[in-house]
Amino acid sequence: MSVIAFILLVLIAVAMVFVAIRLRKIERRLKGESSKNRVARRVAARKAKKDGMEITDLDLRHTENCKLLPNREMLLNMMPKDAVVAEVGSAFGDFSNEILQRCAPKQLHLVDSWASERYQIGLKTIKKNLADEISADRLHIHQGLSTEVLPTFEGGFFDWVYIDTNHSYETTLEELLICDSKVSETGRIAGHDFCTGNVIDAVPYGVVEAVTKFCKDRNWQFEYLTVESHGHFSFCLRRLG
Ligand SMILES: C[S@@+](CC[C@H](N)C(=O)[O-])C[C@H]1O[C@@H](n2cnc3c(N)ncnc32)[C@H](O)[C@@H]1O
């Protein structure tokens, strides 16, 4: 390609980007949507999401036996060892590896859809990094939606589970309700992101609302809560006696 043709191509590309930006601005003006309106619309959508979640007031019996821990690694140190465990939402396997190292589970089941662009590569990464655990039949992979995969396990199958998927109110509540019958009588349900949301990306979570509703409706209590300074806490629940 000649130098002139190359320069022409670059100029055309720049002009196309410029036109696209102008068209987007015109489109917004035609829609009458200023940036102020856009922000207001997004705030209203986030508020509507929060307003759609049921608020539950817990009783003292749900919290009085709870111990605060500095972080979720310490939580793993407290969890039963040589157990049958599920991590629901495993991404790239970083926390799965922590579970393997700290808890030496008899079986670790990873449940994840690995569907989004962000997490797709996670499955490949896990298969590569944890190949020994897979061939030793300790690590089991279940690709699919949590609410479709978890019901396929028999009742009381797990000693404990750790939930860390999309953190929405609806999904978290459904996962908790399914796990209620899938963990043993003395089993635990733990999970990540017991907080109101992601303040960097402005994404509201429903984990607090789902967990508190679940505790009250299904008679579970807090056993541990972590208090990391980044504010993305983990919880661990057990049945009320
Ligand atoms: C925050 S990441 C998990 C991080 C991981 N637990 C860790 O600490 O390293 C969330 C994962 O949940 C998965 N996920 C999101 N929604 C899901 C759903 N409804 N069912 C199954 N997996 C889901 C995503 O594919 C992603 O891998």
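In this text the structure is predicted, and so the values were computed from the model without any measurement.

> How do you make sense of the overall build of the chain when you look at a structure like this?
Each helix and strand in the chain was counted, giving nine helices and 10 strands. Whereas a compact globule of 241 residues would reach a radius of gyration of roughly 18 Å, the chain reaches 23 Å, over 25% beyond that. Dimensions of the chain, computed from the C-alpha atoms along their principal axes, are close to 75 × 45 × 35 Å. Counting over 241 residues, the chain shows a buried share of 41%. Once local pairs closer than 6 in sequence are excluded, the contacts in the chain between residues at least 24 apart make up 68%. Accessible surface, the chain as shown: approximately 13700 Å² in total, 57% of it carbon and sulfur. Side-chain charges in the chain split into 32 positive and 32 negative, and the spacing between the mean points of these groups amounts to 9 Å.

> Help me understand the domain arrangement of the chain, please; the structure alone is not making it clear to me.
Think of interface size as the accessible area that goes away when the parts come together; that is how it is often given. As assigned here, the chain comprises domain 1 (3-50) and domain 2 (62-239). Here the C-alpha centroids of domain 1 and domain 2 sit 39 Å apart.

> I keep staring at the packing of aromatic side chains and nothing clicks. Help me out?
What describes a pair of aromatic rings is the distance from one ring centre to the other and the angle between the planes of the rings. Taken as a whole, this structure holds eight aromatic pairs when the rule is applied. Here a set of aromatic residues connected by ring pairs shows up, and it is made of Phe153, Phe157 and Phe158. The ring of Phe95 carries Arg72 above its face, with NZ or CZ at 3.8 Å from the centroid.

> Just checking my understanding: could you explain the pattern of salt bridges for this structure?
Going through the model one piece at a time under the given rule, you end up with 13 salt bridges. Residues Arg188 and Glu223 are paired through a salt bridge, measuring 2.5 Å at the closest nitrogen-oxygen approach. On the criterion of sequence distance, the pair formed by Arg188 in strand β6 (residues 183-191) and Glu223 in strand β9 (residues 220-226) is long-range, its members being 35 residues apart. Assessed through its relative accessible area of 19%, Arg188 is described here as buried. Asp217 serves as the salt-bridge partner of Lys213, at 2.7 Å between the closest nitrogen and oxygen. Taken as a pair, Lys213 and Asp217 lie in helix α9 (residues 207-218) at a separation of four residues, close to a single helical turn.

> Got a minute to help me understand the environment of Gly187 in this structure?
Structurally, Gly187 is set in strand β6. Given a relative accessible area of 1%, Gly187 falls into the buried group. Ignoring sequence-local partners within four residues, the contact set of Gly187 consists of Asp159, Trp220, Leu237, Arg238 and Arg239.

Rules used in this analysis
Residues numbered from 1 in each chain as written. Predicted model: local features only at pLDDT ≥ 70, side-chain atom pairs only at ≥ 80, totals over all residues. Heavy atoms only, no water. Helix = DSSP H or I, 4+ residues; strand = E, 2+ residues; numbered from the N terminus. Rg over C-alpha atoms; globule rule 2.2 N^0.38 Å. Buried < 20%, exposed > 50% of the residue type's maximum accessible area, 1.4 Å probe, protein only. Contact = heavy atoms within 4.5 Å. Areas by Shrake-Rupley, 256 points an atom, 1.4 Å probe, with all protein chains shown as cover. Lys, Arg positive; Asp, Glu negative; His and termini not counted. Charge placed at Lys NZ, Arg CZ, Asp CG, Glu CD. Domains from an automatic or database assignment. Phe/Tyr/Trp six-rings, centres within 6.5 Å; stacked < 30°, edge-to-face > 60°. Lys NZ or Arg CZ within 6 Å of the ring centre and 35° of its normal. Salt bridge = Lys/Arg side-chain N within 4 Å of Asp/Glu carboxyl O.

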